[in-house]
Every structure is written in structure tokens, then in C-alpha cells.
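Each chain, letter by letter, is given below.
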Amino acid sequence: MAATDIAGSSATPPSPRLPVVWKSDEMTRRRKARYAADRRLRLYGMVAIGFALGFLMILVGTLSFTGYRAFTQSMVTIDIDFSSAELDRNNLMESNWRTIFRDGVKDDVGELSRSEERDYFSMFTSSAAYLIRDRIIADRSILDGRATFTIPMSDPIDQLAKGLVDTNLPEDQRRVNDNQVKLFNQLKAKGAVSQPFNWGLFFNSDSRFPELAGLAGAISGSFWLLLVCFLISFPVGIGAAIYLEEFAPKNRFTDLIEININNLAAVPSVVFGLLGLAVFLGWFGLPRSAPFVGGLVLALMTLPTIIIVTRAALTSVPSSIREAALGIGASKHEAVFHHILPLSMPSIMTGTIIGLAQALGETAPLLLIGMNAFITSPPDGIFEASTALPTQIYIWADSPERGFVARTSAAILVLLAFLVSMNTIAIFLRQRFERRW
Amino acid sequence: MNQMSEFAVEKAIGERMATTTSTSSGPAGGVKMAGKDVCVFYGEKQALFDVNLDIGAREVTALIGPSGCGKSTFLRCLNRMNDTIDIARIEGLITLDGNDVYDPGIDVVELRARVGMVFQKPNPFPKSIFENVAYGPRIHGIARNKTDMEEIVTSALKKAGLFEEVKDRLDEPGTGLSGGQQQRLCIARAIAVSPEVILMDEPCSALDPIATARIEELIDELRENYTIVIVTHSMQQAARVSQRTAFFHLGILVEEGATDVIFTSPREKRTQDYITGRFG
């Protein structure tokens with residue numbers, strides 16, 4: 001009725017509407033165009049995914065290609081007879097292990113000239129003597145007879161063993177001279193050279209020598225960092241989110257807080273690093289390079305993420321649950337802690353893990369508080385100087401030795417493996433515990 | 001026609017002539033709760049206009065009216081559930097046994113324990129059936145020990161007519177029950193804290209006719225021990241379960257009185273129009 005009234009009031013009389021002919025050419029064409037648009041959209045999507053996957057493959061591919069060599073290490077097996085060795089059994093620590101080691105390896109090759117000897121000894125890691133010493137101090141019974149040791153070969157020889165040294169080049173253009181090539185082949189022919197999995201990559205700490213450098217310090221440093229980061233940002237973040245979402249009055253002031261939290265999430269990480277440097281190191285006088293300070297800085301970075309995720313999770317719990325609790329006389333905090341928070345926990349955990357994964361890969365703030373120091377043992381706690389995985393990568397990428405090229409890529413792969421597994425846990429948690437309403 | 005009556009009502013508000021017609025004398029069993037000049041505002045918008053309504057003890061009061069007429073708003077004032085809405089503001093007086101429930105000295109937790117609520121959509125906690133019922137007594141510290149708690153839960157489930165159906169699976173999630181069972185579970189949950197008044201906000205709107213009949217029977221049984229206020233869209237339901245009926249329209253309590261009188265000889269034309277299905 002209303003429609004006729006409006007039409008009737010206008011000047012032109014309404015033209016009679018023809019019935020729709022669904023089979024007409026025009027209609028068919030129109031439908032075809034719409035289907036074509038659907039197909040185009042799907043194609044764009046597939047191209048986009050292909051692009052993203054392609055870049056990911058290039059990244060992982062190149063890293064694996066340069067990094068895979070670092071997962072093995074050329075080792076030499078030597079046999080030492082301690083019964084004849086000159087050592088002071090009452091003062092093992094200060095015995096002349098260097099000579100003992102050198103005598104031991106000399107047995108494997110024939111008579112060597114002075115300069116050949118020098119070339120030969122430099123084929124093994126310069127810490128070989130200490131590796132032997134440490135094993136003997138740990139197990140004195142070895143002293144009574146012969147024992148075999150597997151000693152890492154030095155970086156240039158490792159490169160040679162992995163086929164990365166072109167022996168056709170003139171001798172002065174490569175880091176392995178002809179003597180060493182000859183001696184290496186000799187050792188190899190005897191079966192003394194092996195290339196086992198490089199456990200040192202995971203169980204050693206940083207070293208100036210690539211053959212000894214590993215990630216143990218960086219991994220444990222990152223662990224402490226994340227622990228501090230989690231212990232601070234998780235409770236504080238959840239507390240802040242609960243207050244803002246459930247208790248705070250909605251006014252200008254809380255709006256301002258909300259805007260600031262969202263802005264905080266977008267602040268570049270280097271700024272947090274500078275803040276950590278100025279406040280935690282400068283004012284509070286906390287130790288440099290300590291995971292505690294790094295964790296504090298990363299917690300500041302992760303906090304906004306956790307607050308935002310938690311608020312979203314809390315709002316996604318249907319209000320009927322809140323009303324149900326309040327309706328039987330639960331106080332506000334009981335409604336939140338008995339019902340709403342447990343129900344939103346899976347989402348909160350997922351968000352937190354993703355936030356922590358982000359923190360794990362963060363480099364810039366750690367550089368500013370000195371976590372890129374050269375530290376050769378894993379930290380004993382959160383106040384010991386330490387490195388972290390990303391800063392270790394930074395240090396290695398900066399090192400000139402050839403062996404660090406592969407190790408840098410390998411370290412990146414290890415970091416990526418940690419990130420992927422954390423994100424997998426997040427996805428698992430989401431799928432396992434998420435409740436659909 | 002609809003527009004006409006709306007216009008008439010607005011005019012009435014404008015002239016501040018909104019008065020309630022009482023069809024008969026007050027509730028038979030004494031007044032349990034009462035609203036006096038209750039106005040509710042959501043921000044700038046006024047949702048209730050000077051509502052005066054007495055709720056009789058141990059009987060069922062039905063609040064009827066078209067959507068958006070303020071009946072749920074009034075119901076939610078009775079146990080202060082409107083407190084959870086930031087922009088809601090309430091004026092006037094609401095009493096429970098003569099005490100103002102909006103008095104600053106009133107403990108809202110105690111009030112909600114005494115005035116329980118059952119919601120439109122069944123909303124059991126995603127916990128076991130037992131836990132659903134036991135939660136209220138637990139937070140209020142009603143049960144003395146484990147056996148006492150089991151007794152409370154069992155008796156609440158029995159009163160809600162659910163016990164026989166769920167007695168073998170009390171530790172299964174309450175959300176796994178059918179809609180009607182879930183709603184009876186919610187009623188059991190409300191009963192478990194031994195309230196004096198039970199508010200029901202369209203408790204059957206999400207249920208099929210059989211489950212609805214079951215709940216209506218239950219309401220009739222519960223009337224012996226509890227004061228019940230039920231909001232309903234269904235005129236038949238109001239006629240079946242209630243002793244007194246209040247008709248709301250556009251935020252005004254148009255008419256209230258004994259249900260049989262309201263349904264057979266309403267004084268107001270609007271009430272009659274609504275009841276006979278001419279609008280709403």
C-alpha cells in the first residue's frame with residue numbers, strides 16, 4: 001500500500017514491469033560474468049598463496065643448503081698410550097697435555113719435518129689438549145692404558161673434508177696448504193677421519209673456533225629470557241585485561257589506556273631496548289647481558305599482545321555464562337575466575353605462546369642491553385651474562401671464519417624449529433580446547 | 001492500527017497520564033516483592049515509565065506484552081541484573097519483603113541468592129551436571145560437607161524434575177543434555193541455593209512444545225514453595241501457569257490483576273487488543 005502511495009505522488013506514471021526472463025541471453029551473460037569473477041578471485045588467492053609459499057621455500061631452502069653442513073663435524077680419532085706418557089699424576093690439571101696430545105697424533109703419521117709438524121698440529125682444534133685433559137680428569141682409570149679420543153678437526157680442515165676447499169687453486173690462495181692436504185689424505189686413508197653428527201652444535205657454547213662453537217649457551221639464555229618474560233607478562237597481562245574488560249568503568253580515562261595499549265603493541269622493539277638500557281641498566285643498575293633484564297624488556301613488548309588477546313578471549317565468552325553465574329549470586333570475581341577466565345584460557349594460552357614466539361625471535365632490544373656478548377658457557381641463572389638464539393645468530397653472522405657461515409644458517413634453522421614447535425603447540429591448544437558456542 | 005495505538009500511548013506519556021489499571025485487589029498471599037514508580041533508563045532512552053507492581057508470595061506472576069515493552073527490563077530490576085549494564089539507570093523503589101533492594105546497604109550477592117533467575121536461553125556452565133547444581137551452594141557455603149552437598153544437588157534435581165533422567169550421569173557435561181533438560185538443569189541450579197523468588201525470563205522460548213509443557217508443569221509445582229515471576233511471549237502460557245498477570249506496553253504497565261480476570265474481562269482496550277492477538 002505504502003509503495004503505491006509513493007509512486008502515485010511522483011509526476012511520471014509507473015511503467016509496467018516486464019516479467020523476468022531468466023533464460024534470456026542477457027541474463028545468461030550476466031551469470032557467466034559473475035561466475036568468471038568467482039573464478040578470478042579464487043585464482044588471485046591461489047597466486048597469493050603460491051607467492052607466500054614460494055618465498056618461504058626459498059628462505060628455508062637456502063638456509064638448509066648453507067646450513068646442513070654445520071650439522072656434521074669432521075673428527076679425527078686418535079689413540080693415546082698413557083702408560084708411557086709423561087704426566088704428573090698428582091697434578092693432572094697442570095700436566096703438559098699439549099705434548100701428550102701431540103705425541104699421540106704424531107703416531108698416526110710418519111716422521112715429519114719441523115714445518116710439517118706445525119702444519120699438522122694446526123689441523124686439529126687448538127683446544128684438543130684440554131678436551132683430553134677434561135676427559136681424563138673425569139675418568140682417571142683411562143690413565144692406566146690406552147684410550148681413543150675423537151677430536152674435532154680445525155675449521156679449514158673441516159671445510160676441506162666437506163669438499164669446500166678447491167685443491168686445484170694455487171697453494172697461497174687457500175687456507176689449507178699442500179702439506180695439510182697430504183696429511184689429511186693420509187689420515188683419511190687410515191680411517192681416522194669421520195664425520196659424525198655435530199652434537200657440539202647443541203651441547204657446546206660459543207667459541208672463537210667454529211669447530212667448537214655451539215648453541216647451548218644461546219638456547220639456555222633464550223630459555224631463561226622467555227621464562228622471565230612469561231612470568232612477568234602473563235600474570236600482569238591477564239590481570240590488566242581482566243580489570244579493563246570486567247571491572248573498569250568505561251570512561252575517557254580507560255579509553256585512553258586502551259588506545260595506549262594498542263599503540264604500545266606497535267612500538268618498534270629497538271625502542272624497548274633503549275628503554276631497558278636507560279631504565280633497567282642505567283637507573284636500577286641491573287647487570288648487563290643478563291637474561292633477567294632481557295626478559296623484562298621482552299615482557300614489556302609481549303604485554304600489549306597478551307592484554308589484547310586476553311581481552312578478546314574474555315569478550316568471546318558469551319554473556320549468558322556471566323549472567324548464569326551472577327544470577328545465582330556469584331560475586332563478580334567469582335564469575336570471572338570460576339567461569340569466564342577458565343573458558344577463555346585456551347585462547348589466552350594460544351595468544352601468549354604466539355607472543356612468546358615473537359619475543360624469542362626478537363634481536364634489537366637484546367643487542368642494546370648487551371646480550372650479544374661473547375660468552376663461552378651457559379648462564380647458571382637469570383642474573384648471569386648470557387646470549388640468546390637471535391643474538392648468537394647475529395654474532396656468528398659477523399664472524400669471519402668460514403665455518404661460521406654454515407653455523408649461522410644452522411642456528412637460524414634451530415631458531416625456526418623452536419618457533420615452529422611453539423606455534424604448533426599454540427595451534428594444538430586452540431584446536432583441542434577451543435569451545436564453540 | 002498498530003501505529004494508532006502507539007501514537008495514543010506516546011501521547012499518554014507526554015501528558016504524564018500513564019496510570020496502571022488494577023483489575024482486582026492485590027495479591028492473595030501477601031506481597032513478596034514490589035515495584036513502586038520504577039523508571040529505567042538505558043542511557044538517554046527511557047525503557048520503563050513509573051511501573052507500580054506488587055508480586056504476590058507463593059504464586060506465579062506473568063509479565064506479558066509485545067517485544068521491547070520493558071517486561072524483561074522490569075524482571076531484571078528485581079534481582080539487580082541490570083547492574084551489569086553500564087548505561088542502565090534505575091529510579092523508584094523495588095522492595096523484597098519491604099526492604100529496598102537498591103539500598104546501598106543491600107548486599108547484591110545475597111539478593112541474587114534469594115532472588116534466583118532462569119534465563120531465556122538455557123545456559124548451563126560447561127561443567128558436569130553435578131557441578132552445575134553444586135556451584136551455587138558451594139560459593140555460598142550452604143553445604144556442610146560432601147554428603148550434604150550431594151543431598152542438596154539431588155533434591156534440587158528432583159524438584160526440577162530432572163533427577164530420574166540424569167541420575168546415572170551426574171558427572172557428564174550439562175551442555176550435553178537436550179534443550180528442555182538444560183533448562184530444567186538451570187532451574188535446579190537456581191533452586192539449589194534455596195531462593196525465595198525465582199525469576200524466569202521467557203524460559204520456554206527456545207524449547208519445543210513437549211519440553212515447554214514439562215517446564216510449565218514444573219512451574220506449577222514450584223509455586224507451592226517459591227514466588228515466581230515469569231516473562232512470556234505466549235499468552236496461552238501466561239494463562240496456563242500464572243495466577244496474576246501484568247501487561248506491559250511501550251514501557252508502561254498497562255494493566256495488572258488476577259490472570260482469569262485479565263484474560264476474560266480486561267479493562268483496558270490495549271490489553272484486550274493484545275490478548276486477542278490484534279497487535280504484538
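Think of each chain on its own: its residues are numbered from 1, step by step along the sequence as written. Going through the entries in the order they are written, you letter the chains from A and number the ligands from 1. Predicted model: local features are reported for residues with pLDDT of at least 70 only, side-chain atom pairs are reported and counted for 80 or more only, and whole-chain, interface and lining totals are derived from all residues.

K.L.:
Run through the overall build of chain B, naming residues and quoting values.
P.N.:
A run of DSSP states H or I qualifies as a helix once it reaches four residues; a run of E qualifies as a strand once it reaches two. Both are numbered from the N-terminal end. Counting secondary structure elements, chain B contains 11 helices and 11 strands. Its C-alpha atoms give chain B a radius of gyration of 19 Å, near enough to 19 Å, the size a compact globule of 280 residues would have. Neighbour density around each residue's C-beta defines its exposure: 20 or more other C-beta atoms within 10 Å make it buried, 12 or fewer make it exposed, and counts between make it partly exposed, where C-beta atoms are placed from the backbone. Within chain B, the proportion of its 280 residues that are buried is 45%. Contact criterion: two residues are in contact if their C-beta atoms, reconstructed from the backbone, are within 7 Å. Taking the contacts inside chain B whose residues are at least 6 apart along the sequence as the reference set, 70% of them involve residues at least 24 apart. Our radius of gyration looks at C-alpha atoms and nothing else; its globule reference is 2.2 Å times the residue count to the power 0.38.

K.L.:
Kindly report on the overall build of chain A, identifying the contributing residues and their values.
P.N.:
Helix and strand content of chain A: 17 helices and three strands. For 437 residues, the compact-globule formula gives about 22 Å, and the C-alpha radius of gyration of chain A, at 33 Å, lies well above that figure. Oriented by its inertia axes, the alpha-carbon framework of chain A measures out at about 120 × 65 × 40 Å. Here chain A holds 437 residues, and the buried ones make up 36% of them. Counting only contacts in chain A whose residues sit at least 6 apart along the sequence, the fraction spanning at least 24 positions is 77%.

K.L.:
For the pairing of strand E5 (residues 88-96) of chain B, give the residues involved together with the corresponding values.
P.N.:
Residue and element names in this part refer to chain B. Relative to E5, strand E2 (residues 31-42) runs antiparallel, the two being bridged by eight bridges. Paired with lysine 36 across the two strands is leucine 93, which belongs to E5. Pairing geometry for E5 and strand E6 (residues 99-100), over two bridges, is antiparallel. Looking at E6, one finds that leucine 96 is bridged to asparagine 99. When DSSP finds two or more bridges between two strands, those strands count as paired. The antiparallel pairing of E5 with E6 creates a hairpin that spans two residues between the two strands, and aspartate 97 there sits at a positive phi of about 50°.

K.L.:
Lay out the packing of helix H9 (residues 216-247) of chain A against helix H12 (residues 291-316) of chain A with the relevant residues and their values.
P.N.:
One can describe the packing of H9 of chain A onto H12 of chain A by two numbers: an axis separation of 6 Å at closest approach and a directional angle of 35°. The two elements H9 of chain A and H12 of chain A cross, and the hand of that crossing is right-handed. Axis lines are fitted to C-alpha atoms, over the contacting stretch for helices. Their N-to-C directions set the angle, which ranges from 0 to 180 degrees. We call a crossing left-handed when the near helix sits turned anticlockwise from the far one by less than a right angle, and right-handed when that turn is clockwise.

K.L.:
Can you tell me about the interface of chain B and chain A, naming the residues and giving the values?
P.N.:
Taken residue by residue, the interface counts 19 residues in chain B and 15 residues in chain A. Counting only elements with at least two residues in the side of chain B that touches chain A, the list comes to helix H3 (108-114), strand E7 (115-118), helix H4 (129-140) and helix H7 (179-192) of chain B. Note on residue categories: nonpolar means Ala, Val, Leu, Ile, Met, Phe, Trp, Tyr, Cys or Pro, charged means Asp, Glu, Lys or Arg, and polar means any other residue, Gly included. Broken down by class, the residue content of the side of chain B that touches chain A amounts to 10 nonpolar, five polar and four charged.

K.L.:
Requested: an account of unusual backbone geometry, with residues and values cited.
P.N.:
Positive phi, normally seen in glycine, also occurs at aspartate 37 of chain B, with a value near 50°. Inspection of the secondary structure puts aspartate 37 of chain B in strand E2.

K.L.:
Lay out H4 of chain B in plain terms, naming residues and giving numbers.
P.N.:
All names here are of chain B. Of all the positions in H4, only Ile129, Asn132, Val133, Ala134, Tyr135, Gly136 and Pro137 are classed as buried. Structurally, H4 contributes buried residues whose contacts are with helix H5 (146-159), helix H6 (163-166) and H7. The first or second residue beyond H4 is glycine 141, which carries a positive phi of 65°.

K.L.:
Could you give an account of the confidence of the model for chain A, with specific residues and numbers?
P.N.:
All names here are of chain A. Per-residue pLDDT for chain A averages 88, and the proportion of residues at 70 or more is 96%. Confidence scores per residue from the predictor, reported as pLDDT, run from 0 to 100. Predicted confidence in chain A is weakest over helix H1 (residues 2-9), with a mean pLDDT of 45, and strongest over helix H2 (residues 25-67), with 95. Predicted confidence for residues 1-9 stays below pLDDT 50, and this span has one contact to residues more than four positions away or in other chains.

K.L.:
Now, about the packing of H5 of chain B against H7 of chain B: what can you tell me, with residues and values included?
P.N.:
Residue and element names in this part refer to chain B. Between H5 and H7, the shortest axis-to-axis distance is 8 Å and the interhelical angle comes to 130°. The angle between H5 and H7 falls in the class oblique. Note that H5 runs across H7; the crossing there is right-handed. Mapping the contact onto sequence places Ile152, Val153, Ala156, Leu157 and Lys159 in H5 and Ala188, Ile191 and Ala192 in H7. Broken down by class, the residue content of the contact of H5 with H7 amounts to seven nonpolar, no polar and one charged. Angular relationships are summarised with four words: roughly parallel below 35 degrees, roughly antiparallel beyond 145, roughly perpendicular across 65 to 115, and oblique for the angles in between.

K.L.:
Just give me the short version of the sheet that holds strand E1 (residues 75-81) of chain A, but keep the residues and values in it.
P.N.:
Residue and element names in this part refer to chain A. The strand order E2-E1-E3 describes an open sheet built from three strands, whose pairing is antiparallel. Looking at the sheet topology across the chains shown, the edges are occupied by strand E2 (146-152) and strand E3 (193-194). Where E1 and E3 come together, two bridges link them in antiparallel fashion. When the sheet's bridge partners are listed, methionine 75 is paired in E3 with serine 194.

K.L.:
Outline the confidence of the model for chain B, listing residues and values.
P.N.:
Residue and element names in this part refer to chain B. Per-residue confidence for chain B gives a mean pLDDT of 86; residues scoring 70 or more make up 90%. Contacts of residues 1-6 to residues separated by more than four positions or lying in other chains number seven contacts, the stretch itself having pLDDT below 50. Within the model, pLDDT remains below 50 along residues 8-18, and this stretch shows 10 contacts once partners closer than five positions in the same chain are excluded.

K.L.:
Please provide a residue-by-residue account of the nonpolar core, values included.
P.N.:
Note on terminology: a nonpolar core is any set of buried Ala, Val, Leu, Ile, Met, Phe, Trp, Tyr and Cys residues joined through C-beta atoms within 7 Å. Among the nonpolar cores identified, the biggest contains 144 residues, and Leu389 of chain A together with Ala188 and Val229 of chain B are the most heavily contacted of them. Discounting residues that sit within four places of it in the chain, valine 229 of chain B has contacts with Ile55, Thr61, Leu63, Leu75, Leu78, Val197, Leu199 and Met200 of chain B. Listed in part, the 25 residues of the second largest apolar core include Tyr120, Met123, Phe124 and Ala161 of chain A.

K.L.:
Please provide a residue-by-residue account of the pairing of E2 of chain B, values included.
P.N.:
Residues and elements named next belong to chain B. Bridging between E2 and strand E3 (residues 45-56) involves eight bridges; their strand directions are antiparallel. In the sheet register, alanine 34 faces E3, and the bridge partner there is aspartate 54. The loop that links E2 with its antiparallel partner E3 comprises two residues; one of these, glycine 43, has a positive phi angle of about 65°.

K.L.:
Run through the environment of aspartate 54 of chain B, naming residues and quoting values.
P.N.:
Summarising the element assignment, aspartate 54 of chain B is placed in strand E3. On a C-alpha basis, the gap between aspartate 54 of chain B and arginine 240 of chain B in space is 20 Å, while along the polypeptide they are 186 residues apart.

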